[in-house]
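Each chain, letter by letter, is given below.
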Amino acid sequence: MRHRLIKKALLFIPLVLFLILGIAFYSQLGKNTQYMPSALIGQKVPAFNLISLNSDQIITQDDLPNTPYLINFWGTWCPACHVEHPFLTTLADDGVVIVGIDYKDEKALAKQWLEEKGDPYLMVLMDEIGHFGVDMGITGAPETFVVNSSGAIVYRLQGVVSESNWSTIQGYLK
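I will try to describe carefully the structure that is included in this document. Everything numeric in this text was worked out from a predicted model, so none of it was measured.

## Regarding the packing of aromatic side chains
Piece 1. Under the defined criterion, the tally for this structure stands at 8 aromatic pairs.
Piece 2. Ring geometry for Phe-48 versus Phe-132: centroids 4.7 Å apart, planes at 50°, classification tilted. Here the residue Phe-48 occupies a position in the loop between helix 1 (2–28) and strand 1 (49–52), and Phe-132 occupies one in helix 4 (residues 131–136), the gap between them amounting to 84 residues. The two residues Phe-48 and Phe-132 agree in class, both being buried.
Piece 3. The interplanar angle of 75° and the centroid separation of 6.3 Å between the aromatic rings of Phe-87 and Trp-166 together place this pair among those described as edge-to-face. With Phe-87 in helix 2 (residues 79–93) and Trp-166 in helix 5 (residues 163–172), the pair connects residues that are 79 residues apart, well separated along the chain.
Piece 4. Pairwise contacts between aromatic rings join Phe-48, Phe-73, Tyr-103, Phe-132 and Phe-145 into one cluster.
Piece 5. The ring of Trp-113 has Lys-117 sitting right over it, with the charged end atom 5.1 Å from the ring centre.

The structure is reproduced here in structure tokens:
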């Protein structure tokens, strides 16, 4: 008798697992899959010492703008960065301040890229090994952070900055 009862109970395990998975998947419907929370929201940009692409000077977080700006991680190896670049150029032409971080890239390739495609950045810093990217918590390129006039990170976008998401980003630049 007990043996039959256990067999019947075991038949319900797949149904229970299916229901649990169904509830878990259903709870994720409609959520923004592009949103990546950052532990740095509300905090200052982490300390760094990076070399400027154009001047070979060492730049630190103290050299960053005192106005709201974007930090954009990019690389010549990144296909999505090629898509994003023309829009960043338009933003820069409209007065948006953008600090570029050339992420895990070669200096010569980065210089050539900017000469050919235009340079939308106030400054470009080289993160050849990727230590600053790790400190910022990025998962790849492109990734963009909005920094307010106090130097605190207020928003993170993983992926391409585009016309479709610019209004959201722009709201954080004020």
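Still more ground to cover, so stick around.
## Quick look at the nonpolar core
Piece 1. Within the largest apolar cluster, 24 residues are counted, with the highest numbers of intra-cluster contacts made by Leu-70, Trp-74, Leu-91, Val-161, Trp-166 and Ile-169.
Piece 2. Those elements giving two or more residues to this core turn out to be strand 3 (69–74), helix 2, helix 3 (107–117), strand 5 (123–127), strand 7 (153–158) and helix 5.
Piece 3. Per-element tally for this core: the top contributor is helix 2, with 4 residues.
Piece 4. Excluding anything up to four places from it in sequence, Leu-70 contacts Val-96, Val-97, Ile-98, Val-99, Thr-144, Phe-145, Val-146, Trp-166, Ile-169 and Leu-173.
Piece 5. Among the nonpolar cores identified, the runner-up in size contains 20 residues, and Phe-48, Tyr-103, Phe-132 and Val-147 belong to it.

How each quantity is defined
- Residues numbered from 1 in each chain as written.
- Predicted model: local features only at pLDDT ≥ 70, side-chain atom pairs only at ≥ 80, totals over all residues.
- Heavy atoms only, no water.
- Phe/Tyr/Trp six-rings, centres within 6.5 Å; stacked < 30°, edge-to-face > 60°.
- Helix = DSSP H or I, 4+ residues; strand = E, 2+ residues; numbered from the N terminus.
- Buried < 20%, exposed > 50% of the residue type's maximum accessible area, 1.4 Å probe, protein only.
- Lys NZ or Arg CZ within 6 Å of the ring centre and 35° of its normal.
- Core = buried A, V, L, I, M, F, W, Y, C linked by side-chain atoms within 4.5 Å.
- Contact = heavy atoms within 4.5 Å.

Read these as spatial facts, not as claims about activity.
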